[in-house]
Amino acid sequence: MTATTPQFRSLSPADHPQLNHGEAELTVDVAIVGGGIVGLTLAAALAPCGMSIVVIEAQTATAAASRQRAYAFSLTSADIFKGLGLWPQIGPHICHFDKVQLSDGDYGKVVQFLPEDLGTEAVYYGAEHKVLMAALQGAIAATPNIHYLCSASLGEMHDRGESVMAEVSTPEGMVRVRSPLMVAADGKGSLLRQRAGIGSVGWRYQQSCVTTVLEPEHSHQNTAYERFWPSGPFAILPLPGQRCQVVWTAPHAEAEAILTLPEADFMAELEQRYGSQMGRLRRLTPPAMFPVQLMQCDRYVQPRLALVGDAAHSCHPVGGQGLNMGIRDAAALAEVLTHAYQQGQNLGDVAVLRRYERWRRLENWVILSFTDVLTRTFSNQILPVVVLRRAGLWTLGSVPILKRLALRLMTGRLGRVPKLARLAQQSRH
Ligand SMILES: Cc1cc2nc3c(=O)[nH]c(=O)nc-3n(C[C@H](O)[C@H](O)[C@H](O)COP(=O)(O)OP(=O)(O)OC[C@H]3O[C@@H](n4cnc5c(N)ncnc54)[C@H](O)[C@@H]3O)c2cc1C
């Protein structure tokens, strides 16, 4: 898919002749800082009830959409995008996971997850950042009540009691944004979270993650592999166009060494961990490395501020959960705010915002803990732990109800499902 950046409405001072030269003022119901997938999902989910929204994004629209990454995209995330009416733009450009295989190093027992385990069309999906962003940016550009300020830099913010006034510099000039609610969707280094002084708990794993895209000789047959090695989990995810995304976790020093290997040695190491099911593998993109951490904020809200996505939490990439959690945050916050807006309540009121926090914080803890336990038990070589986890794997593969439970957790179907996703689920039945 070739992503073309849509045309966004300009918000230049020329549109606001009553203001000083070079300045514009914008009063909105919700101001979202961060125009990544989570921020734009929130904007798209809020817009239908008529609220006015501004999205403030630090990068250009093209740069924000062109991150070289593919995600394991959950059934619930897909249902949320269907609820937003964006599936026609996404569905043809994603890959269905028809099988997910879980295994422990060279232990023979393999657990297979299939669509029939849940009665769905796929176990998961493989979706590229640029595909999701193109659909979202297209929807934002076509929605008159959303302003998208790109290449924008957040300056001073002033609390004005019932609202916040933020100074935003854009290439067209200064925009003063006034809103009862600011939402931090600005990723794991969130500036808004830091300014609000919101603390967090968490730790850095002694691991980093190396990613690359491959072209296999034989079809990937829409199969995703997650294999746990003592050095860390190793995943190969199918992508459209017979390509695969590798997410290879290893201790920092080992990951750095892998990154600098000549291509032939890199591929030899990779084949050792993966095998030869798909024949010869060709590397399409240079490998990149990311640190891995677990982080959960002490709180997701305070008066006139809410945190969503990586600004609120981040987790180990095992099981592909981070973005999926963020998309559910966005759908949940949109549901809470839409209800409050229709009731005429102040959107920045902490009593309103706590409904979102109570809904999402605990559910995210469950996922964060699950990915942490997975990583720690499978990276452990103490004999009783090895015996226990292999017995666990065997049980998971042999007891259908357990398999179904694990699948429902990983696909976002165990907690409270946002209305947007429920609508899509109901329309299938
Ligand atoms: C290697 C790797 C593989 C992964 N695989 C998966 C997977 O398979 N499935 C999955 O669910 N998750 C996965 N994740 C996690 C996923 O990438 C993140 O959880 C997700 O990108 C978070 O989205 P976000 O919109 O909250 O933040 P981001 O994607 O970080 O977006 C934040 C946006 O805010 C903007 N911004 C930042 N600061 C400011 C500012 N001060 N002002 C204005 N704008 C700002 C940025 O430019 C950006 O556009 C993976 C992560 C890694 C590292």
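Provided above is the structure to which this section pertains.
Enquirer: Account for the overall build of the chain, naming residues and giving values.
Expert: Assigned secondary structure in the chain consists of 13 helices and 22 strands. Taken along the three principal axes of its C-alpha coordinates, the chain extends 70 × 45 × 40 Å. In the chain, 73% of the contacts between residues at least 6 apart in sequence involve partners at least 24 apart. As presented, the chain carries roughly 17900 Å² of accessible surface, and 54% of it is formed by carbon and sulfur atoms. Here the chain contributes 39 positive and 36 negative side-chain charges, whose respective centroids are spaced 5 Å apart.

Enquirer: Residues and numbers for the sheet that holds strand E20 (residues 301–302), please.
Expert: Taken in spatial order, the six strands line up as E9-E3-E2-E13-E21-E20 in an open sheet, and their pairing is mixed. Edge positions in the sheet fall to strand E9 (146–149) and E20, since each of these pairs with one other strand and no more. Summarising the sheet, strand E2 (residues 30–33) and strand E13 (residues 182–184) pair through three bridges and their orientation is parallel. By the bridge assignment, Val-33 is partnered in E13 with Ala-184.

Enquirer: Give me the side chain of Thr-249: which residues, what numbers.
Expert: The residue Thr-249 is located in strand E17 (residues 243–251) in this model. When neighbours within four sequence positions are excluded, Thr-249 is seen to be in contact with Gln-207, Ser-208, Cys-209, Ser-231, Gly-232, Pro-233, Val-292 and His-316.

Enquirer: Got a sec to walk through the nonpolar core? Specific residues and values, please.
Expert: If you look at the biggest cluster of nonpolar residues, it comprises 120 residues, and the most contacted ones within it are Phe-81 and Leu-337. Broken down by element, the residue count for this core peaks at eleven residues, all from helix H9 (residues 322–342). Beyond its immediate sequence surroundings of up to four residues, Leu-337 is in contact with Val-30, Leu-46, Met-51, Leu-181, Leu-347, Val-352 and Leu-353. The next biggest cluster of nonpolar side chains, apart from the first, holds 18 residues, and it includes Leu-214, Cys-244, Trp-248 and Met-267.

Enquirer: Can you break down the pattern of salt bridges residue by residue, with the values?
Expert: Overall, the coordinates contain 16 salt bridges when judged by the stated rule. The salt bridge partner of Asp-79 is Lys-82, with a shortest N-O separation of 4.0 Å. A residue pair is termed a helical-turn pair when its members lie 3 or 4 positions apart in one helix, as Asp-79 and Lys-82 do in helix H3 (residues 75–83) at three residues. On the basis of relative accessible area, Asp-79 is assigned to the buried category, the value being 1%. What you see here is one network of salt bridges that share partners, running through Asp-79, Lys-82 and Arg-413.

Enquirer: Tell me about the site of the ligand, and name the residues and values.
Expert: Among the 28 residues in the neighbourhood of the ligand, the closest are listed as Glu-57, Arg-69, Ala-72, Asp-310 and Leu-323. A distance of 3.0 Å is found between an oxygen atom of the ligand and a backbone nitrogen or oxygen belonging to Asn-324. Its free accessible area being 1000 Å², the ligand has 87% of it covered by the protein chains. Contributing elements (two or more residues each) for the shell around the ligand: helix H1 (37–46), strand E4 (70–73), strand E14 (200–216) and H9. Among the elements that make up the shell around the ligand, the one with the highest residue count is H9 (three residues). Among the residues making up the shell around the ligand, the classes are represented as twelve nonpolar, eleven polar and five charged.

Enquirer: Would you mind going over the environment of Glu-363 in detail, with residue names and values included?
Expert: Locating Glu-363 in the fold gives a position in helix H10 (residues 350–378). Spatially, the C-alpha atoms of Glu-363 and Gly-415 are 6.5 Å apart, while their sequence positions differ by 52 residues. Ignoring anything within four residues of it in the chain, the contact list for Glu-363 reads Gly-415 and Arg-416. There is a polar contact of 2.8 Å between the side chain of Glu-363 and the side chain of Arg-360.

Enquirer: Requested: an account of the environment of Ser-151, with residues and values cited.
Expert: By the secondary structure assignment, Ser-151 is in the loop between E9 and strand E10 (153–159). Along the sequence, Ser-151 and Val-292 sit 141 residues apart, while their C-alpha atoms lie 28 Å from each other. Not counting residues within four places of it along the chain, the set of residues in contact with Ser-151 comprises Glu-57, Ala-58, Gln-59, Thr-60, Ser-169, Thr-170 and Pro-171.

Enquirer: Please give an account of H9 that cites residues and values.
Expert: Over its 21 residues, H9 runs 31 Å from end to end, which matches the ideal 30 Å to within 8%, given 1.5 Å per residue. Counting buried positions along H9 yields 17 of 21 residues, so the element is predominantly enclosed.

Enquirer: Account for the packing of H3 against H9, with residues named and values stated.
Expert: One can describe the packing of H3 onto H9 by two numbers: an axis separation of 9 Å at closest approach and a directional angle of 40 degrees. If you check the angle between H3 and H9, you find them oblique. In this structure, H3 meets H9 at a crossing whose hand is left-handed. Contacts between H3 and H9 involve Thr-76, Ser-77, Ile-80 and Phe-81 from the first element and Asn-324, Ile-327, Arg-328 and Ala-331 from the second.

Enquirer: I'd like a rundown of the side chain of Gln-293, residues and numbers included.
Expert: Along the polypeptide, Gln-293 turns up in strand E19 (residues 288–297). At 3.1 Å, the side chain of Gln-293 and the side chain of Ser-314 are in polar contact. Not counting the four nearest positions on each side in its chain, Gln-293 is found in contact with Lys-188, Trp-203, Arg-204, Tyr-205, Ser-314, Cys-315 and His-316.

Enquirer: Now, about the pairing of E14: what can you tell me, with residues and values included?
Expert: Relative to E19, E14 is paired through nine bridges, and the arrangement is antiparallel. Note that in E19 the partner of Val-210 across the bridge is Met-289. With eight bridges connecting them, E14 and E17 associate as antiparallel partners. Across the sheet, Thr-212 pairs through a bridge with Val-246, a residue of E17. Judged from the three bridges that link them, E14 and strand E18 (residues 281–283) form a sheet pairing that is antiparallel. Bridge assignment links Pro-216 to a residue of E18, and that residue is Leu-281.

Reading the values: the criteria
- Every chain is numbered independently, its residues counted from 1 as its sequence is written.
- With the structure being a predicted model, the display of local features is reserved for residues of pLDDT at least 70 and the display and counting of side-chain atom pairs for 80 or more, all residues being used for whole-chain, interface and lining totals.
- Heavy atoms throughout the structure, all of them, feed into the side-chain values; hydrogens and water do not.
- Secondary structure elements follow DSSP: runs of H or I of four or more residues count as helices, runs of E of two or more count as strands, with numbering from the N terminus.
- Any pair of residues with heavy atoms lying within 4.5 Å of one another is described as a contacting pair.
- Areas reported as accessible are Shrake-Rupley estimates using a 1.4 Å probe. Residue values count occlusion only from the protein chains shown.
- Asp and Glu count as negative and Lys and Arg as positive, but His and the ends of the chain are not part of the count.
- In plain terms, the charge of a residue is placed at NZ if it is Lys, CZ if Arg, CG if Asp and CD if Glu.
- Two strands pair under a simple rule: DSSP has to find at least two bridges between them.
- Side-chain atoms within 4.5 Å link the members of a nonpolar core, which is a set of buried Ala, Val, Leu, Ile, Met, Phe, Trp, Tyr and Cys residues.
- We call a residue buried when its accessible area falls under 20% of the maximum for its residue type, exposed when it is over 50%, and partly exposed in between, using a 1.4 Å probe and counting protein chains only.
- Whenever Lys or Arg places a side-chain nitrogen within 4 Å of a carboxyl oxygen from Asp or Glu, that contact is recorded as a salt bridge.
- If a single non-hydrogen atom of a residue is within 4 Å of a molecule or strand, that residue counts as near it.
- By the criterion applied in these results, polar contacts are pairs of N or O atoms within 3.5 Å in which, for protein atoms, one can donate a hydrogen and the other can accept it, and in which residues neighboring in sequence qualify only through two side-chain atoms.
- Polar here means any residue other than Ala, Val, Leu, Ile, Met, Phe, Trp, Tyr, Cys and Pro, which are nonpolar, and Asp, Glu, Lys and Arg, which are charged; Gly is therefore polar.
- The length a helix should cover is 1.5 Å for every residue beyond the first.
- Note on geometry: axes are lines fitted to C-alpha atoms, helical ones only across the stretch in contact, with angles between N-to-C directions running from 0 to 180 degrees.
- Relative orientations are named as follows: roughly parallel for angles under 35 degrees, roughly antiparallel for angles over 145 degrees, roughly perpendicular for angles from 65 to 115 degrees, and oblique for any other angle.
- In this scheme the handedness of a crossing depends on how the near helix is turned from the far one: anticlockwise by less than a right angle means left-handed, clockwise means right-handed.

Coordinates in, geometry out; function isn't part of it.
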